[in-house]
2 protein chains.
Amino acid sequence: MKIISVVAITCLTLTGCGQQETVAKAEASVQQSFQWKMVTSWPKNFPGLGVAPEKFATLVNEMSAGRLKVQVYGAGELVPGFEVFDAVSQGTVQMGHSGSYYWKGKIPASPIFGAIPFGMTVTELNAWLHYGGGLELWQELYKPFGIIPMAGGNTGAQFAGWFKKEINSMEDLKGLKMRIPGLGGEVLKRAGAIPVTLTGGEIFSSLQSGAIDATEWVGPYNDLAFGFYQAAEYYYSSIWHEPGTGLEFLINEKAYKELPSDLQKIVEVAARAVNEDTLDEYNARNNNALQTLINKHKVQMRTMPAPVMAGLKAITDEVIAEQVAADPNFAKVWQSYSEFMASIRTYHDSTLKPYFEAR
Amino acid sequence: MKIISVVAITCLTLTGCGQQETVAKAEASVQQSFQWKMVTSWPKNFPGLGVAPEKFATLVNEMSAGRLKVQVYGAGELVPGFEVFDAVSQGTVQMGHSGSYYWKGKIPASPIFGAIPFGMTVTELNAWLHYGGGLELWQELYKPFGIIPMAGGNTGAQFAGWFKKEINSMEDLKGLKMRIPGLGGEVLKRAGAIPVTLTGGEIFSSLQSGAIDATEWVGPYNDLAFGFYQAAEYYYSSIWHEPGTGLEFLINEKAYKELPSDLQKIVEVAARAVNEDTLDEYNARNNNALQTLINKHKVQMRTMPAPVMAGLKAITDEVIAEQVAADPNFAKVWQSYSEFMASIRTYHDSTLKPYFEAR
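Because the structure is a prediction, the values reported are computed rather than measured.

Q: Please provide a residue-by-residue account of unusual backbone geometry, values included.
A: A positive phi angle, near 65°, is found at Asn45 of chain A, a position not held by glycine. In this fold, Asn45 of chain A is placed in the loop between strand S3 (34–40) and helix H1 (51–63). Overall, the relative accessible area of 45% leaves Asn45 of chain A in the partly exposed class. Of note in the backbone geometry, Ala65 of chain B takes a positive phi value of approximately 50° without being a glycine.

This is the structure we're talking about:
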């Protein structure tokens, strides 16, 4: 059903425009309702990742009094999880929810907006996106594809992941088949590992069957939900490959431009509210999940030895330098990102860092 | 002018409800436009603090297509900065923007929602408010006053402040007249200092005249704007009294309930978006301001010696224990806050803390 509402009408009786029948004259354009489809890279309603797009749809529906309805689809329901970008670009659907590093084959600079090894934390990334020029660069990068990107939640710092054997040296990474996307995967490849890209729904069976030896996913809250503790013995909490992972809303530019300006603003502000809300939820739930993994499921917690962390960081610097040399867009975005990171690090090193020690 | 729009109408010609005159029948209630006043505790448009309510007003106006207009007033324009709570409670105005610790004389537990010495960081506070039961406790606390509170931005970790003389020991705090609100002021009082409560606009002249010896305010971005470097020599970056200061929107409950549900949701989501946006702006601008203070204005940076930090922390524990004993509401809110903090600290101590060291 199409709901039509008329704005800016003149009551023929200037008073008494109350509950009774009202004869009205349209003075402005008639407003339509809109039905959008949003495809995602996550299982439908998956904790955190899959809840963020549902929250967005609910907020938009409520704020627009039903004038913009967004139907959310899990990975594979309409299109596979890794075809979200193309579906939004082609206009098959109006929106998507995903992670920007999944598109690095098509757009080498895209991972910078999601997560960079040894890069910015969540609050640093958000500050860069919204007050450091990051979002403008992101929009510029997706514009040739007819897509408007917006920050779409953040998982917080992601754990190094689940391993079937312990990692005691860089040597132990050689030949390791690990599910890890983005630049983290590039770094591990350079360390001699074999990075594999799989959507969330494919990981557990691959880990259990031995098709992969290790996987990162998100952190305790999501990792508990997928049951990885049943398939790998060691859980590494060290933060290195995704220090604050930003998700993304992808919006078909043509569909967005067809919306009246109030609905455009509702889309933008709902995305921003979901951006914080998703982080709040991860932060609140991660520690409880971690305690469940440790106390109930007897997971063996590990941290990466310092030489492994240093080795991964050295390779990260090489990988980024090569990306900068190979792709002008990567170079342009990286300059903005790295300058901002250097500045905000100075600030956090004199505030949050000593506070974590002192409190 | 009152703009009236009719929702859910039936076109007498079921097709062709286009640009032409439309005769319509009202099936639902007629929607009105609303004009709200928002009073604040900050100078009009003051960087960060005073910009947050303006952003809120802009978002609400745009999302509601002008059906809810919010006029923002600086401290003293309609009511003094410290009478924001009463003005909203009495319905003199529909909204306010302030800091919860200003109301500790009336509601002893209120500072917990803003900042607690040696308490949670920004992201931890947001997680507690939105997924740890904090917001519900806050709403319960303000309900007898007819006020609905919402998170209204966060300044990030606040610097210890500006001092006319160096602080080398707890002894140096004795007799020190310092502008500092909330529980931080209670702690300093117990250390022998004389805490003074002044609104932002009153601080500079008091510091310059010698009426006070020291002041905290926010951090580099705001402190630079107020020019405190012209009135005090030493700037202490140490984080202790406000590790992540949450601001607040105060909404008159009766005014809120008069809104249709779509406008209620627009108010709620705009507040949430501003909550992150304000932090993003502080994080982006604080370091540049800090470099300006150091390089251009030759400010002497200092950190509180470890024995002073330990001394302040010990007194903080005493002050909080007394507040818990004296006020049942403080005890109830503190139980929720402190349990959540203990849990999220465990999580951050194994993730962000080592990451700040490793990167």
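Let us keep going from here.
Q: Break down the domain arrangement of chain A for me, with residues and values.
A: Residues and elements named next belong to chain A. Segmentation of chain A into domains returns domain 1 (34–156 + 244–285) and domain 2 (161–242 + 287–358). Its C-alpha centre places domain 1 at a distance of 23 Å from the equivalent point of domain 2. In this complex, domain 1 contributes 39 residues to the contact, which on the side of domain 2 involves 40 residues. Where domain 1 abuts domain 2, roughly 3,500 Å² becomes buried across the two surfaces, and 71% of that area is made up of carbon and sulfur atoms. For the pair domain 1 and domain 2, the interface holds two salt bridges. Glu186 is the salt-bridge partner of Lys104, the closest N and O atoms lying 3.1 Å from each other. Taken together, the elements giving at least two residues each to the side of domain 1 that touches domain 2 come down to helix H3 (122–131), helix H4 (134–142) and helix H9 (261–295).

Q: Pulling in residues and values, what's your account of the pattern of salt bridges?
A: Inspection of every chain in the model, using the stated rule, returns 42 salt bridges over all chains. We note a salt bridge from Glu258 of chain A to Lys254 of chain A, for which the minimum N-O separation is 3.5 Å. A residue pair is termed a helical-turn pair when its members lie 3 or 4 positions apart in one helix, as Glu258 of chain A and Lys254 of chain A do in helix H8 (residues 253–258) at four residues. Across the pair Glu281 of chain B and Lys55 of chain B runs a salt bridge whose closest N-O atoms are separated by 2.7 Å. With Glu281 of chain B in helix H9 (residues 261–295) and Lys55 of chain B in helix H1 (residues 51–63), the pair connects residues that are 226 residues apart, well separated along the chain. When its relative accessible area of 6% is taken as the criterion, Glu281 of chain B is described as buried. A residue is classified by how much of its surface remains accessible, and Lys55 of chain B, at 18% relative accessible area, is buried.

Reading the values: the criteria
- Residues numbered from 1 in each chain as written.
- Chains lettered and ligands numbered in written order.
- Predicted model: local features only at pLDDT ≥ 70, side-chain atom pairs only at ≥ 80, totals over all residues.
- Heavy atoms only, no water.
- Helix = DSSP H or I, 4+ residues; strand = E, 2+ residues; numbered from the N terminus.
- Buried < 20%, exposed > 50% of the residue type's maximum accessible area, 1.4 Å probe, protein only.
- Domains from an automatic or database assignment.
- Contact = heavy atoms within 4.5 Å.
- Buried area = accessible area lost by both parts, 1.4 Å probe.
- Salt bridge = Lys/Arg side-chain N within 4 Å of Asp/Glu carboxyl O.

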